[in-house]
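# Working through the structure, step by step
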Amino acid sequence: MENSTEYLEEIAGKEYEHGFVTDIEMDILPPGLNEDTIRFISKKKEEPEWLLEWRLKAFHAFEKMDLPGWQNFKMPDMNFQGISYYAAPSSKPKYDSLDQVDPELLATFEKLGIPLSEQKSLAGVAVDVVFDSVSVKTTYKEELNKLGIIFCSFGEAVKEHPELVKQYLGSVVPHSDNIFAALNAAVFSDGSFVYIPKGVRCPMELSTYFRINAQNTGQFERTLIVADKEAYVSYLEGCTAPMRDENQLHAAVVEIVVMDNAEVKYSTVQNWYPGDAEGKGGIYNFVTKRGICKGANAVLSWTQVETGSAITWKYPSVILQGDNSYGEFYSVAVTKGKQIADTGTKIYHLGANTRSRIISKGISAGNGQNSYRGLVQIGSKADNARNFTQCDSMLIGDRCGAHTFPYIESRNNTATLEHEATTSKIGEDQIFYLNARGIDTEKAVEMIVNGFAKEVLNKLPMEFAVEAQKLLAISLEGSVG
Amino acid sequence: MLSIKNLHAGVEEKEILKGLNLEVKAGEVHAIMGPNGAGKSSLASVLSGRQNYEVTEGSISLDGKDLLDMSPEDRAREGVFLAFQYPIEIPGVSNINFLKTAMNEIRKYKGLEAMTAKEFLALSKEKQKLVEFDAKLVNRSLNEGFSGGEKKRNEIFQLAMLEPKLSILDETDSGLDIDALRIVSRGVNKLRSKDNAFIIITHYQRLLDYIVPDFVHVLSDGKIVKTGGKELALELEERGYDWIKEETVS
Ligand SMILES: Nc1ncnc2c1ncn2[C@@H]1O[C@H](COP(=O)(O)OP(=O)(O)OP(=O)(O)O)[C@@H](O)[C@H]1O
Ligand SMILES: [Mg+2]
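Calculation rules
- Residues numbered from 1 in each chain as written.
- Chains lettered and ligands numbered in written order.
- Predicted model: local features only at pLDDT ≥ 70, side-chain atom pairs only at ≥ 80, totals over all residues.
- Heavy atoms only, no water.
- UniProt positions renumbered as here; feature names shortened; annotations may be inferred.
- Donors = N, O, S within 2.8 Å, 3.2 Å for Na, K, Ca; no water.
- Helix = DSSP H or I, 4+ residues; strand = E, 2+ residues; numbered from the N terminus.
- Buried < 20%, exposed > 50% of the residue type's maximum accessible area, 1.4 Å probe, protein only.
- Near = heavy atom within 4 Å.
- Polar contact = N/O pair within 3.5 Å; in protein donor to acceptor, adjacent residues only side chain to side chain.
- Areas by Shrake-Rupley, 256 points an atom, 1.4 Å probe, with all protein chains shown as cover.
- Nonpolar A, V, L, I, M, F, W, Y, C, P; charged D, E, K, R; others polar.
- Axes fitted to C-alpha atoms, helices over the stretch in contact; angles between N-to-C directions.
- Left-handed = near helix turned anticlockwise from the far one by under 90°.
- Contact = heavy atoms within 4.5 Å.
- Pairing = 2+ DSSP bridges.

By the naming in an unreviewed UniProt entry, chain B is Iron-regulated ABC transporter ATPase subunit SufC, taken from Taibaiella chishuiensis.

The name given to chain A in an unreviewed UniProt entry is Iron-regulated ABC transporter membrane component SufB, and the organism recorded there is Taibaiella chishuiensis. Under the UniProt heading Sequence similarities (unreviewed entry), the note attached to chain A is "Belongs to the iron-sulfur cluster assembly SufBD family."

Dropping the structure here:
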């Protein structure tokens, strides 16, 4: 009879299901990083002079910056010179219609469950697809255009809406923020751009799907979302990568601007290749995400389900500048095998009556290490600010770890701050209780884990909640006994 | 239906059940009483396949099938139901979804189609009524924040839904208020049939006024040391267990 500990062990060794490689002809820049690399990228993308200057400035800042040292893991050796900073499918730099897309590429996305033809695509979800460095296809563009909504690749936005890009690029995450943000600013390849005009509610989910395919490359995409007054949008990003023995760097930047009475929901289902059971390979996911609630009553909501990557280092943040604005962060992070997650959020309360809510659920199995790191800062003008923080950790087996690092800095004594934290172990008792009702251990673990993460999963757009539940189950398959 | 022969079982090095024999036929209700630490819950655990118990000798069969060979979930699917002495809380898992999963896993094992949401809901309504189970508890997280008595009643609601062959009630009466005791007993009596059987572990004769057993066994130090009818429970209530211990020693 298989016992539950053995099963838990097994989950920890479960293989990654999106680990295939697509065989496509690629334009790849040889590894290396210097001014010429940046000029090459900028030229390849036919960028205006101001953007090249902006990149070069970031690059010079990058050169003077050090890797951070405060994280709860040993920073791996980042050989920035060993990475190729540009890789793109070579058949065509830009796709006007699906017929021009390499059939191999289409097949890849079908395989991932993301059909690109609009007839077949998920009802009510517009998708932008970024394959290695280049945006491949954006669906439902016409329909969105009619409402004045701009949803396109970053490269396209630079060409067609330079004034918007110029106004907001780097306004929330300056390149000086950290070394990975600086690197991204210098070499970012593509990404998505969203603008929702005043008073418009975006009628469908917007979604970007990122896929790293080429070897030795990094992925450095940039997303910029601007919601004008009274606008609303819900946006989702997903990602996968092939299995490779070497580590690949993903250093993305996301900037979000939310004006008066507007609302942005940003959801992430992160499923980069986590490396094998021994910790070989896997994506280094060093991401900077930040949004600003610029106007009064603005709302920004981050939801993330993080199951992939060898190392996840990200702290989606909210600057609550407008009075009465609200920010929230809902997160589930799973680590198993040798995976490390150091993730959380930073909330800056600047305006009066600003509120925030943080719900973090960490699940660790195998030798996985999961840290929640959060900062809640209350500025001197933020009268009556409120924050609620809850960090729950679940341990599966006894070789994994859960850690919480909540920081509070308050310069206003009218603030109300609440913090709750729990740690639980998936107990043999819980599993046995479900077994005794005819439910096998694998399903029992799935139920317990999904129950644990429910509050966060419920925050995801409906179309993706079921996927995320399955993903949690799959990523833990074999971990419990 | 159930046949336990010379059962020896323990935890780690400690032997808890020391040669236990018990025969239960379809349609019967057996009560098991006995002092604290005698091994009553251990018997229930061994029957339902809890992993930390090791069976060192003896056999258990259910309708001719070797139970000891089966995983806990397969035993449940074969119709063994344990109403836990201490039901477990599982946060975030809704009571009703849990039951639906359990029900359909059992049906799958038996080669039956999964129940539709509508059928399931209808059945759930019917059984809630049968055991007078509060509808509010049906949609809450499984046992989370339930009072002690509510947890016990939830066990009986699950029992009513899953309609097992052999139900083992481990001290379901402790923690129930007087009304709840009557309601739960009434529920169990309605569920009794010629095709199923009950093993009722209890410390109190009172429960047996409501659920009238065919046999009363005394379990002491890992063995069944005395068996009688309903009147044995009354005698135990009056005299305690010492006289039986003396009887068995002499
Ligand atoms: N996991 C365990 N490790 C060590 N000893 C155990 C374990 N489980 C049970 N025991 C011991 O086995 C004996 C029988 O326990 P059991 O729970 O079966 O008693 P019981 O008859 O149900 O008692 P009660 O009437 O108090 O419920 C006790 O002495 C108990 O301490
Ligand atoms: Mg007991």
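Once that is clear, we can look at the coordination of the magnesium ion (ligand 2). Residues and elements named next belong to chain B. At this site the magnesium ion (ligand 2) is bound by S41 (OG) and Q85 (OE1), with donor distances of 2.0 to 2.4 Å. Here the residue S41 occupies a position in helix α1 (residues 40-48), and Q85 occupies one in the loop between β6 (80-83) and β7 (90-94), the gap between them amounting to 44 residues. S41 gets classed as partly exposed once you look at its relative accessible area, which sits at 27%. Judged by its relative accessible area of 16%, Q85 is buried.

Residue and element names in this part refer to chain B. Taken together, 15 residues sit near ligand 1, with G37, K40, S41, S42 and H203 positioned nearest. One of the backbone N or O atoms of G39 is found 2.9 Å from an oxygen atom in ligand 1. Take S42: an N or O atom from its side chain is 2.5 Å from an oxygen atom of ligand 1. About the coverage of ligand 1: the protein hides 66% of its 640 Å² of free accessible area. Among the elements of the structure, β2 (14-24) and α1 are those that each provide at least two residues to the shell around ligand 1. Among the elements that take part in the shell around ligand 1, α1 stands out by supplying three residues, more than any other. Of the residues contributing to the shell around ligand 1, the split by class is five nonpolar, seven polar and three charged.

A few words on the UniProt feature "domain: ABC transporter" (unreviewed entry) in chain B. The UniProt record marks residues 2-246 of chain B with the feature "domain: ABC transporter" (unreviewed entry), using the residue numbering of this structure. Summarising residues 2-246 of chain B: 40% helix, 29% strand, and an end-to-end C-alpha distance of 30 Å.

Attention now moves to the packing of helix α3 (residues 49-64) of chain A against helix α8 (residues 179-187) of chain A. All names here are of chain A. Interhelical geometry of α3 versus α8 gives an angle of 145° and a closest axis separation of 7 Å. As for the relative orientation of α3 and α8, their crossing is left-handed in sense. Side by side, α3 and α8 meet where W54, R55, A58, F59 and F62 of the first sit next to I179, A182, L183, A185, A186 and V187 of the second. Of the residues contributing to the contact of α3 with α8, the split by class is 10 nonpolar, no polar and one charged.

Right, let's get into the sheet that holds β2 of chain B. Spatially, four strands are ordered β2-β1-β4-β5 (chain B) in an open sheet, and the strand pairing comes out antiparallel. Lying at the two open borders of the sheet, with one neighbouring strand each, are β2 and β5 (65-66) of chain B.

A word on unusual backbone geometry. Most of the time, phi is negative for any residue but glycine, and the peptide bond is trans. In this structure, N384 of chain A is a non-glycine residue whose phi angle is positive, near 60°. For N384 of chain A, the position within the fold is in the loop between β20 (369-378) and β21 (386-395). By relative accessible area, which is 43% here, N384 of chain A ends up partly exposed. A positive phi angle is found at E12 of chain B, which is not glycine, with a value near 45°. Here E12 of chain B shows up in the loop between β1 (2-11) and β2. For E12 of chain B, a relative accessible area of 71% translates into the label exposed.

So, about the sheet that holds strand β12 (residues 223-228) of chain B. All names here are of chain B. The sheet built from six strands is open, its strands ordered β6-β9-β10-β3-β11-β12 with mixed pairing. The open sheet terminates on both sides in strands that have one partner only, identified here as β6 and β12. On average, each strand axis in the sheet is inclined to that of its neighbour by 20°, with strand direction left out of account. As judged from the four bridges shared by strand β3 (residues 29-33) and strand β10 (residues 197-201), these two strands associate in the parallel manner. Looking at β10, one finds that I32 is bridged to I201.

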